[in-house]
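Coordinates in review
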Amino acid sequence: MSFQFRHIVLGMLFLASFARAQVTTNLLYSKMDFFAQHELYDGNVIRLMGYTELIGTPIDLPSPVLIYNEGDSVDLGMHNFSQAAHHTIHLHGLDVDQATDGVPHLSFSIPHDSVGHYQFIAPHAGTYLYHCHVVSTLHVQAGMYGLLIVRPPDGGNTTWDGGYAFDSENAWLFSEIDTNWHQNDIINDPYVPGSTVEILDYVPQYFMINGKTETQLSNPETSIEGSVNDAIYMRLANIGNYGNRVIFPASLNAQLIDSDGRPLPSAINTDTVELYPGERYGVLLSPDTEFTGNVDVEYINMNTQLVESTQEAPVTISGFNTINQWEVEQEMIVYPNPTQNDLNVVFNGLKDYNGTLKIMDVNGKTVLVNNENLNENSTLSLNTASLDKGVYFIQYLSSYDNLLKKFVRQ
Amino acid sequence: MKSFAGIVVLILGLSSYAATVEEKIYILSDSMTCVDNTTFPYRTFNDFNAFSQNNPILQLNQDDSLSLWVVNFDSIDHNFQIEDYASTFETIPAGDSVLVGYKFVNAGGYIYHDPLNAPTNQYLGLAGMIIVKDHSHDSFYWNIKEHDSTWNDNLLHNVAVDWTTYEPDFFTINGNSNPDINADPLARIVGNVGDTLILYMSNTGNSVHSMHLHGYHATILYSSKSALEVGREKDTFPIHPMQSLVLRIVPDKEGEYPVHDHNLVAVTGNNLYANGMFMTMLISP
Ligand SMILES: [Cu+2]
Ligand SMILES: [Cu+2]
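Treat the numbers as computed from the prediction; the structure is a model and nothing was measured. (Residues numbered from 1 in each chain as written. Chains lettered and ligands numbered in written order. Predicted model: local features only at pLDDT ≥ 70, side-chain atom pairs only at ≥ 80, totals over all residues. Heavy atoms only, no water.)

Moving on, we get to the overall build of chain B. Along the backbone of chain B there are three helices and 22 strands. Against the compact-globule benchmark of 19 Å for 285 residues, chain B has a radius of gyration of 19 Å, which places it among compact chains. Principal axes of the C-alpha set define a box for chain B whose edges measure 65 × 45 × 35 Å. Classification of the 285 residues of chain B by burial places 56% in the buried group. When contacts within chain B are restricted to residue pairs at least 6 apart in sequence, long-range pairs at least 24 apart make up 67% of them. In the structure as shown, chain B presents an accessible area of about 11,000 Å², 52% of it carried by carbon and sulfur atoms. Of the charged side chains in chain B, 12 are positive and 32 negative; the average position of the first set lies 10 Å away from that of the second. (Helix = DSSP H or I, 4+ residues; strand = E, 2+ residues; numbered from the N terminus. Rg over C-alpha atoms; globule rule 2.2 N^0.38 Å. Buried < 20%, exposed > 50% of the residue type's maximum accessible area, 1.4 Å probe, protein only. Contact = heavy atoms within 4.5 Å. Areas by Shrake-Rupley, 256 points an atom, 1.4 Å probe, with all protein chains shown as cover. Lys, Arg positive; Asp, Glu negative; His and termini not counted. Charge placed at Lys NZ, Arg CZ, Asp CG, Glu CD.)

So, in structure tokens, the structure goes:
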């Protein structure tokens, strides 16, 4: 159930998982580079430590995104293939029991060529982190970190159970690299657990979003694409040693809605979000005009509070995503859109007809549930006359399908 | 229902009983001894005429008044001010003393400090916590501070430093670093499952710190920076220079869990891991 980052931004989120409260097992390998092979944007090549899903794949920055549904029973295995240092997985923010917490002297650490297991119930839907807690100052900087995303129990496109519905989602993990911390004697050191370790001064030269920086940011993993009136959910997380100030263009109408895996007491309208090491924030974007520009991400030195780098992540908001002919190929077609009364729904090759078809408002609140049975040739008509005017989502959710469309009640 | 209402009134009555808390603190100049025995010049306020490298924590209940003598036993003049309370300050010439009075109608955390030559005197150690309570839960107190061991001597002798190059090498809570923070009963969070534990944090340093709790989320009860932060349930709490935060932790399970600055440079001391802002909380069944 772990997914490489690109899967998320290509909009395959729906496919993450459909079954409810399932048992999920996955395995990561922890490794280190014996030679420098990770290339940075300017051609500089460095050594990393990190987690990979396959033993043969090179370590990437950040490590794979782990995705679970709230309530899942998770068995996350880790096979340490480092050839040297012990490693762990600390599940940052998941509030797991002490034995599973991944802190070497308080739980367990995994020596080379051993496997350890982290078993836990996926907590409240939200954005979390995982990272190694062995000589954490060095191993985290070396690359042993990634995002951990918990979806609502039904795995659907809402921020949490009863939360906001969204059309698309981007997860941005901020960090830095100081190449002096990636030299051979640091990356390949088989640290004796519990010993005191010397640390260099931290003077990072690379400031990253999802391991990308500068010219690499024109990339689906680090840019925002959407349409006017889309709801775009941004998961922001900081695993570096600098603060981040994320500045959204005003026309994205950014709203701060959650932090550290919990909803905020009330949403806050703000274009600027500051997050510091270990923090996560959820931001809902509601673009109201066509727009091309950038989100600026500033990297703030914790000691001087000076901005040492600004990275620009591209934003493209295109015109209204009106629903017309091109939808014919799709698995669920809804028309007319906008509608004043009846909304017709046509299915085209569902995998499972025992699911639920419902209409949600923009806050994810269910406002209408279909009671008619569905079959292969179903065409149904839902009466939306009772709904207030506005933007709605219609969702079909079964064990195998997760279809979401937006429509406007006029 | 009636008797319940009666109890509520009684409790309100008790907590609104306003006392005057009398305290006396002494400004002394000496030195800080760090985790690896590195020393550098340091100044603090003290309970007695004897130097301690942590400033006393002054405690009151909501609506209490503080009547405070500040005695300047240092060889130079100092000022005295309470952050987030008043923008005015008192001047205390060398060898002199001043009596100040404040009434605290809002529960929370405050910082008393010397604003003279800001931020120099505060940076050199003259900043402590004032705690104003509206509860009787077990409470813990962190005076969070970082130090650049090469700067204090210069600052003490009025040699200018360039704050845009500030790079601290020691990180302390109540004057201690790992592993000594766990031995400080004021700092180490100890309790039982189901307890309501209150954590008071003030950042008297000049860096931002980002304090992370393993094992539990906590609710922000008070933030001197922004009322918008109140009510948030989080596991990581950035705290800016001269900010105070109050958190409520209600542990739902037992365990010994780390609590540390997630700027992982700050869990080191003099470039040694893990001699910095790292401790554990201990929750029993
Ligand atoms: Cu962490
Ligand atoms: Cu930690």
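Residues and elements named next belong to chain A. Tallying each qualifying case throughout the model produces 17 salt bridges over all chains. As a salt-bridge pair, lysine 212 and glutamate 221 come within 3.9 Å of each other at their nearest N and O atoms. Per residue, the accessibility class of lysine 212 equals that of glutamate 221, and both read buried. For arginine 280, the salt bridge identified is with aspartate 260, shortest N-O distance 3.6 Å. Taken together, the residues span a long stretch of sequence, with arginine 280 in strand S21 (residues 280-285) and aspartate 260 in the loop between strand S18 (255-259) and strand S19 (262-269) at a distance of 20 residues. (Salt bridge = Lys/Arg side-chain N within 4 Å of Asp/Glu carboxyl O.)

The next thing to look at is the environment of methionine 49 of chain A. Residues and elements named next belong to chain A. Tracing the backbone shows methionine 49 in strand S5 (residues 49-52). Of the residues examined, methionine 49 reaches a relative accessible area of 1% and is grouped as buried. Sequence separation between methionine 49 and serine 378 is 329 residues; the distance between their C-alpha atoms is 52 Å.

What follows deals with unusual backbone geometry. In the segment running from tyrosine 335 of chain A into proline 336 of chain A, the intervening peptide bond is cis, with an omega of -10°. The residue proline 336 of chain A is located in the loop between strand S24 (332-335) and strand S25 (342-347) in this model. The residue after alanine 118 of chain B, namely proline 119 of chain B, is reached through a cis peptide bond having omega 0°. Turning to its location among the elements, proline 119 of chain B is positioned in the loop between strand S8 (108-113) and helix H2 (120-123). Positive phi, close to 70°, is recorded for glutamine 83 of chain A, a residue that is not glycine. Although it is not a glycine, asparagine 210 of chain A sits at a positive phi angle of roughly 50°. Note on asparagine 210 of chain A: relative accessible area 1%, which makes it buried.

What follows concerns the domain arrangement of chain B. All names here are of chain B. Looking at the assigned domains, one finds that chain B contains domain 1 (20-136) and domain 2 (163-284). Centre-to-centre, using C-alpha coordinates, domain 1 lies 21 Å away from domain 2. Interface of domain 1 and domain 2: buried area, both sides summed, is about 2,100 Å²; carbon and sulfur atoms make up 64% of it. For the interface between domain 1 and domain 2, the tally reads zero salt bridges. The interface formed by domain 1 and domain 2 includes nine residue pairs in polar contact (both at pLDDT 80 or more). Breaking the side of domain 1 that touches domain 2 down by element, the ones donating at least two residues are S8, H2 and strand S9 (127-133). Partitioned by chemical class, the residues of the side of domain 1 that touches domain 2 number 14 nonpolar, eight polar and four charged. (Domains from an automatic or database assignment. Buried area = accessible area lost by both parts, 1.4 Å probe. Polar contact = N/O pair within 3.5 Å; in protein donor to acceptor, adjacent residues only side chain to side chain. Nonpolar A, V, L, I, M, F, W, Y, C, P; charged D, E, K, R; others polar.)

Let's shift gears to the confidence of the model for chain B. When pLDDT drops low, the exact placement of atoms in the prediction is not to be read closely. Residue and element names in this part refer to chain B. Averaged over chain B, the pLDDT score is 94; the fraction of residues at 70 or greater is 94%. Long-range and interchain partners of residues 1-14, a stretch whose pLDDT sits below 50, account for zero contacts in this model, where long-range means more than four residues apart. Model confidence for the complex is summarised by a pTM of 0.85, with the ipTM given as 0.93. (pLDDT = per-residue confidence, 0-100.)

Our next topic: the sheet that holds strand S16 (residues 233-234) of chain B. Residue and element names in this part refer to chain B. Strand order in the open sheet formed by six strands is S11-S10-S13-S18-S15-S16, with mixed pairing between adjacent strands. Of all strands in the sheet, those with a lone pairing partner are strand S11 (170-173) and S16, marking the two edges. Of the strand pairs in this sheet, strand S15 (residues 218-223) and strand S18 (residues 244-249) are connected by four bridges, and their pairing is antiparallel. Residue tyrosine 222 lies in a different strand from S18, and its bridge partner there is valine 246. (Pairing = 2+ DSSP bridges.)

For asparagine 402 of chain A, the location among the structural elements is in strand S30 (residues 402-409). Residue class for asparagine 402 of chain A comes out buried when judged on its relative accessible area of 6%.

Residue and element names in this part refer to chain A. Within the element layout of this structure, glutamine 141 appears in helix H2 (residues 136-142). Owing to a relative accessible area of 6%, glutamine 141 belongs among the buried residues under this scheme. Within polar-contact distance, the side chain of glutamine 141 engages the backbone nitrogen of aspartate 178 at 2.9 Å. Apart from the residues lying within four places of it in its own chain, the contact partners of glutamine 141 are Ser136, Glu176, Ile177, Asp178, Trp181, His182 and Tyr202.

A few words on the nonpolar core. One finds Leu76, Leu91, Leu236 and Phe248 of chain A to be the most contacted residues of the largest nonpolar core, which totals 70 residues. Among all residues touching phenylalanine 248 of chain A, those that are not within four sequence positions of it are Ile224, Met234, Leu236, Ala254, Asp271, Val273, Val283, Leu285 and Val295 of chain A. Ile27, Val70, Ile130 and Tyr141 of chain B belong to the second-largest nonpolar core, a separate cluster that totals 29 residues. (Core = buried A, V, L, I, M, F, W, Y, C linked by side-chain atoms within 4.5 Å.)

This brings us to the sheet that holds strand S20 (residues 268-269) of chain B. The antiparallel open sheet is built from three strands, whose spatial order is S13(A)-S21(B)-S20(B). Looking at the sheet topology across the chains shown, the edges are occupied by strand S13 (197-198) of chain A together with S20 of chain B. Two elements, S20 of chain B and strand S21 (residues 272-273) of chain B, share two bridges in a ladder whose sense is antiparallel. Within S21 of chain B, the residue paired with glycine 269 of chain B across the bridge is leucine 272 of chain B.

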